[in-house]
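Survey of secondary and tertiary structure
One letter stands for each residue in the lines below.
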Amino acid sequence: MLLDHVAIATPDLDQGAAPYVALGLRPEGPDEDVGTQGVRVRAFVVGDTLIELLMPTRPDSPIAGFLEKKGPGLHHTAYRVEHLDAEIERLRGEGARFLSETPGPGRAGTRVVFLHPKWGQGTLIELVEHPTGHPAGDHGAHGQDSTAQNGAAR
Ligand SMILES: CC[C@@H](C(=O)O)C(=O)SCCNC(=O)CCNC(=O)[C@H](O)C(C)(C)COP(=O)(O)OP(=O)(O)OC[C@H]1O[C@@H](n2cnc3c(N)ncnc32)[C@H](O)[C@@H]1OP(=O)(O)O
Ligand SMILES: [Co+2]
């Protein structure tokens, strides 16, 4: 399993991006709207993972609620899995508490699910499956080949 991304909530993408731009990180592609989550995303490449800045695009977005309660900052960590449905099944057997066991669309054509922050011991955890053959699925977009890191073909 690999760290897919670290997500940070911000009320404004340019403002939220300023530290990462100053650090010299480069964005991975253009900003993307993920309508089902009510967010606009700007992703920065860090080695073979990403920092994803999340800005709410509507009042009922989970990010709008988070910003209201906690303010800008770390929102979740996301882990890349090869077979999401099998991983959900496995974790169900471990007693994991999902927000929903039905995967939804994430950024860059991914399928994602979230685990409850109580189960995550105070941290919201996301599982991400990249589409087969998609450049991001083999870290191509991050500049590295995950098959070399995973030791297994996707
Ligand atoms: C860009 C698309 C996609 C991707 O491709 O990567 C994304 O990442 S989308 C990201 C945004 N979407 C989501 O976060 C979806 C899942 N989240 C949710 O459904 C909700 O945010 C939530 C986790 C259920 C929380 O909703 P909320 O209304 O705040 O519920 P509660 O008030 O009942 O909170 C329960 C409990 O959890 C604490 N909490 C909430 N959010 C977080 C968080 N991000 N990290 C840690 N803890 C969190 C909250 O404070 C409550 O704690 P207590 O007060 O102690 O009960
Ligand atoms: Co995410």
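Further up the page is the structure itself.
Summarised in this report is the structure supplied together with it. Owing to the predicted nature of the structure, the values given are computational and were not obtained by experimental measurement.

Let's shift gears to the site of ligand 1. As a matter of local geometry, ligand 1 sits amid 25 residues, with Pro62, Gly106, Arg107, Pro117 and Leu124 nearest to it. At the level of elements, strand E4 (39-46), strand E5 (49-56), helix H2 (62-70), strand E6 (73-80), strand E8 (111-115) and strand E9 (124-129) are the ones that each hand at least two residues to the shell around ligand 1. Residues of the shell around ligand 1, tallied by class, amount to 14 nonpolar, eight polar and three charged.

Ranked by internal contacts, the top residues of the largest apolar core, which has 20 residues, are Ile8, Leu53 and Leu54. Secondary structure elements with two or more residues in this core: strand E1 (2-9), E4, E5 and E9. Among the elements that make up this core, the one with the highest residue count is E5 (five residues). Ignoring any residue separated from it by four or fewer positions in sequence, one finds leucine 54 in contact with Ala7, Ile8, Ala9, Thr10, Val39, Val41, Ile63 and His75.

Cut-off values and rules
- Residues numbered from 1 in each chain as written.
- Chains lettered and ligands numbered in written order.
- Predicted model: local features only at pLDDT ≥ 70, side-chain atom pairs only at ≥ 80, totals over all residues.
- Near = placed C-beta within 6 Å.
- Helix = DSSP H or I, 4+ residues; strand = E, 2+ residues; numbered from the N terminus.
- Nonpolar A, V, L, I, M, F, W, Y, C, P; charged D, E, K, R; others polar.
- Core = buried A, V, L, I, M, F, W, Y, C linked by C-beta atoms within 7 Å.
- Buried ≥ 20, exposed ≤ 12 C-beta atoms within 10 Å, placed from the backbone.
- Contact = placed C-beta atoms within 7 Å.

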